[in-house]
Every structure is written in structure tokens, then in C-alpha cells.
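What follows is each chain in one-letter form.
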Amino acid sequence: MPTKDLIDGGASNARIKREVAAGRLLRPSRGWISLPGADPVLVRAAQSRVVLTCVTAAARRGLWDVGDDAFHVSVAPHSRPVGEIRARVHWCEPMIPRAPGTLVDSMPNLLAIVADCQPYEQALTIWESAIRRQQMVPETMRTLPLSARGQRILEDARPFADEGTESILFVRLRWLGLPMRRQAMILGHRVDLLIGDRLVIQIDGGHHVDQQRTSDNKHDARLRIAGYHPIRISYWQLMHEWHVVQELILDAIARGLHLAA
């Protein structure tokens, strides 16, 4: 935390110096104090005088993790990080001013940077994750000065039960120009994606085992009996074998399986 906060809380400079000398407190950088067991990522940010933002801050806040291993930080346009830092640096003024001592960007700020930094598919997935987790209200975001990319993503973003994967699936198939509904309710259960009238795409995550798998199989059987055509894919297939998944879906569409009989 900022040293000033400790002093404002009643600690004296002399006591802080004693605690640092004894190793019970650390000084990551001038004006900062941390405990020896403090979060190393936040300590690193304090040392470099940067703010965690974009996908790094999004993942820390529990939003969809797009797997970007880069360390994304923000500094003021005419500033620079202190010392050597291996990071993707965003030089920009935040839409919402950052209070002194901020180490992790606010949700509106990080989403705005995500929109301008990440490919459309990843950015939309993170925004929809924020909506679903009630960490962002679209109506509030519309009152902020978003970039053109941010405005586009805001208009496209929708909340859904299974965040991430179905957003990616929807974006990748939108070029088909066919009616598609996410989280459509069919026979008492929600399905990840309904293409046309009858083609159902379901995405299995790591939790689709044992009782969940049995329930999924029963619902797939009921869908077939009712005239639907379910295609069930895994997360791995979606992320690493998309060409195979797309070919399956296109073959089904070519045979008219998405159309009502």
C-alpha cells in the first residue's frame, strides 16, 4: 500500500522505518510499503509504478482468460515504467481517473483497453464475461467515451450462462448469415447454440463428466427424438481443432439439418 495510507492511519515514519529494518515490512519502491508475503504481481506493479490493466487485470478480476501470457500494464501518456519491465505497456489516459495507489485498473478502464488491444473475438468474450458476472452494466458503459471498437463490442455483447466458449462459437459462425440463438430453451434445457430451427451445438467443458455427462446424453437423445440434430464438441476441439468442428457444422447445414422438416 502507499506509505501515505499507513501514515494517515496513524503510523509514524519512525515506526515504519523500524518495521522495514526488522524485515516485517518491505519497500517495493519509494512511497510504497508491502508485507513480505504480499502478492508478487502487485508488488511488481508497485515497483514499476504501473497499473495492471487489459487482459491481465481482467483475469485477476475473474473474467474470461484468453490465455495471453503477456503482462499488460498502463501508464500515463507522458510517463514511463520505473526500471526494466517486460510488459505490454498501454500509454493512455484512463476514461475514469485512477485514485492514487491504484494497482489494478477499474472495470470500465480495463474493458476499454481490452476493446482496443485484443482481437474482436477475445474482446467480446471478456466483455460478455463481465456482463454475466454483473461486473459491468452496459447502460453505464454507454455513457462513457468509448472508442469506435469499444462501442461496437458494447453493442454486440450479450450475457449468457456459459461464458466464453459459446461467445467464441457464435462469432466464428456468424458469417453463415443464418438465424442463430444462444442459450435457447429446448425441451426444458438450455442449449449453447441453435442454428436455424433444428441444429443444436453443445460445448462440453471440464465439468461434463459422470452425472453431468449422463444428463447431457439423455437430453441429446430427447433432442433427436423431437427432430433436432445435436452436435456435441469439446472445449479442446473448439480452441484447437476448429477446422474439424466447422466442417462438421457445414456438412450438417449442407444436408439441411438446420431446417424444420
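Rules and cut-offs
- Residues numbered from 1 in each chain as written.
- Predicted model: local features only at pLDDT ≥ 70, side-chain atom pairs only at ≥ 80, totals over all residues.
- Heavy atoms only, no water.
- Helix = DSSP H or I, 4+ residues; strand = E, 2+ residues; numbered from the N terminus.
- Buried < 20%, exposed > 50% of the residue type's maximum accessible area, 1.4 Å probe, protein only.
- Polar contact = N/O pair within 3.5 Å; in protein donor to acceptor, adjacent residues only side chain to side chain.
- Disulfide = S-S within 2.5 Å.
- Pairing = 2+ DSSP bridges.
- Axes fitted to C-alpha atoms, helices over the stretch in contact; angles between N-to-C directions.
- Contact = heavy atoms within 4.5 Å.
- pLDDT = per-residue confidence, 0-100.
- 1 Å grid on protein atoms, 1.4 Å probe; cavity = no way out; pocket = protein on both sides within 12 Å on 5 of 7 lines; lining within 4 Å.
- Points joined across faces, edges and corners; volume = space filled by probe spheres on them.
- Nonpolar A, V, L, I, M, F, W, Y, C, P; charged D, E, K, R; others polar.
- Phe/Tyr/Trp six-rings, centres within 6.5 Å; stacked < 30°, edge-to-face > 60°.
- Lys NZ or Arg CZ within 6 Å of the ring centre and 35° of its normal.
- Left-handed = near helix turned anticlockwise from the far one by under 90°.
- Core = buried A, V, L, I, M, F, W, Y, C linked by side-chain atoms within 4.5 Å.

**Student:** Got a minute to help me understand the side chain of arginine 182 in this structure?
**Tutor:** With respect to the helices and strands, arginine 182 occurs in strand β4 (residues 180–186). What makes arginine 182 buried here is its relative accessible area of 11%. Among the polar contacts made by the side chain of arginine 182, one reaches the side chain of glutamate 128 at a distance of 3.2 Å.

**Student:** What is the right way to look at the state of the cysteines in this model?
**Tutor:** Linking two cysteines covalently through their sulfur atoms gives a disulfide. Evaluation of the coordinates by the stated rule reveals 0 disulfides. The thiol of cysteine 117 is not disulfide-bonded; the next cysteine sulfur, from cysteine 54, is found 3.7 Å away.

**Student:** How do you make sense of the sheet that holds strand β1 (residues 51–52) when you look at a structure like this?
**Tutor:** Spatially, β1-β2-β3 is the arrangement adopted by the 3 strands of the open sheet, whose pairing is mixed. Since the sheet does not close on itself, it has two edges, and those belong to β1 and β3 (88–91), each with one partner. Pairing of strand β2 (residues 72–75) with β3 involves 4 bridges; the strand directions are parallel. Counted as the bridge partner of valine 75 is tryptophan 91 from β3.

**Student:** I'm lost on the environment of proline 94 in this one. Help?
**Tutor:** Take proline 94: it is sitting in the loop between β3 and α5 (107–117). The exposure class assigned to proline 94 is partly exposed, which follows from its relative accessible area of 22%.

**Student:** Where do I start with the sheet that holds strand β5 (residues 189–195) in this structure?
**Tutor:** The strands that make up a sheet are held in pairs by hydrogen bonds between backbone atoms, and each pair lies either parallel or antiparallel. Spatial ordering of the open sheet is given by β4-β5-β6-β7, a layout of 4 strands whose pairing is mixed. Since the sheet does not close on itself, it has two edges, and those belong to β4 and β7 (229–234), each with one partner. Going from strand to strand, the sheet's axes swing by 40 degrees on average, the running direction of each strand aside. Sheet topology places β4 next to β5; 6 bridges connect them, and they run antiparallel. Its bridge partner being in β5, arginine 181 is matched across the sheet by leucine 194. Against the sheet, helix α9 (residues 165–173) engages β4, β5 and β6 (199–204), with an angle of about 130 degrees to β4.

**Student:** Would you explain the side chain of glutamine 183 in this entry?
**Tutor:** Checked against the element boundaries, glutamine 183 lands in strand β4. Here the side chain of glutamine 183 touches glutamate 166 through a polar contact of 2.9 Å, side chain to side chain.

**Student:** What is the right way to look at unusual backbone geometry in this model?
**Tutor:** For residues that are not glycine, phi is negative in most cases, and the peptide bond is trans in most cases. Here cysteine 54, not a glycine, exhibits a phi torsion of approximately 55 degrees, which is positive. Inspection of the secondary structure puts cysteine 54 in helix α4 (residues 54–60). Although it is not a glycine, leucine 187 sits at a positive phi angle of roughly 55 degrees. Mapped onto the fold, leucine 187 is located in the loop between β4 and β5. With a relative accessible area of 35%, leucine 187 lands in the partly exposed category.

**Student:** Explanation requested: the confidence of the model for the protein in the structure shown.
**Tutor:** Low-pLDDT portions of the prediction should not be read for the details of their coordinates. Mean pLDDT for the protein: 87, with 95% of residues reaching 70 or above. Least confident of the elements in the protein is helix α1 (residues 3–8), whose mean pLDDT is 78; most confident is α5, at 96.

**Student:** I tried to follow the layout of surface pockets on my own but got confused; where do I start?
**Tutor:** To find leftover empty space, a probe the size of one water molecule is rolled over the atoms. Of the volumes computed, that of the largest pocket is approximately 370 Å³. Taken together, 21 residues make up the lining of the largest pocket; nearest its centre are Arg49, Val50, Val51, Ser74 and Thr102. Among the elements of the structure, α3 (40–48) and β2 are those that each provide at least two residues to the lining of the largest pocket. Tallied by class, the residues present in the lining of the largest pocket amount to 11 nonpolar, 5 polar and 5 charged.

**Student:** Would you explain the packing of aromatic side chains in this entry?
**Tutor:** Aromatic rings considered in pairs are described by the distance between their centres and by the relative angle of their planes. Within the structure shown, the criterion is met by 1 aromatic pair. Sitting over the ring of phenylalanine 170, arginine 182 keeps its end group 4.1 Å from the ring centre.

**Student:** Teacher, can you tell me more about the packing of α9 against helix α12 (residues 242–254) here?
**Tutor:** Helix-helix packing is characterised by the crossing angle of the two axes and by the distance between the axes. Contact geometry of α9 with α12 gives a least axis separation of 12 Å together with a crossing angle of 65 degrees. The element α9 and its partner α12 pack so that their crossing is right-handed. Only Trp242, Gln246 and Ile249 of α12 make contact with α9, whose side of the interface consists of Leu169, Arg172 and Leu173. Residues that form the contact of α9 with α12 fall into these classes: 4 nonpolar, 1 polar and 1 charged.

**Student:** Can you help me understand the nonpolar core in this one?
**Tutor:** Soluble globular proteins: nonpolar side chains tend toward being buried together. Counting residues in each nonpolar core, the largest one holds 26 residues, and the members touching the most others are Leu111, Val114, Trp127 and Met136. Taken together, the elements giving at least two residues each to this core come down to α4, α5, α6 (120–132) and α8 (148–156). For methionine 136, the contacting residues outside a window of four places in its chain are Met107, Leu111, Trp127, Ala130, Ile131 and Met141. Counting 20 residues, the second largest nonpolar core, distinct from the first, contains Trp64, Ile201, Ile203 and Trp242.

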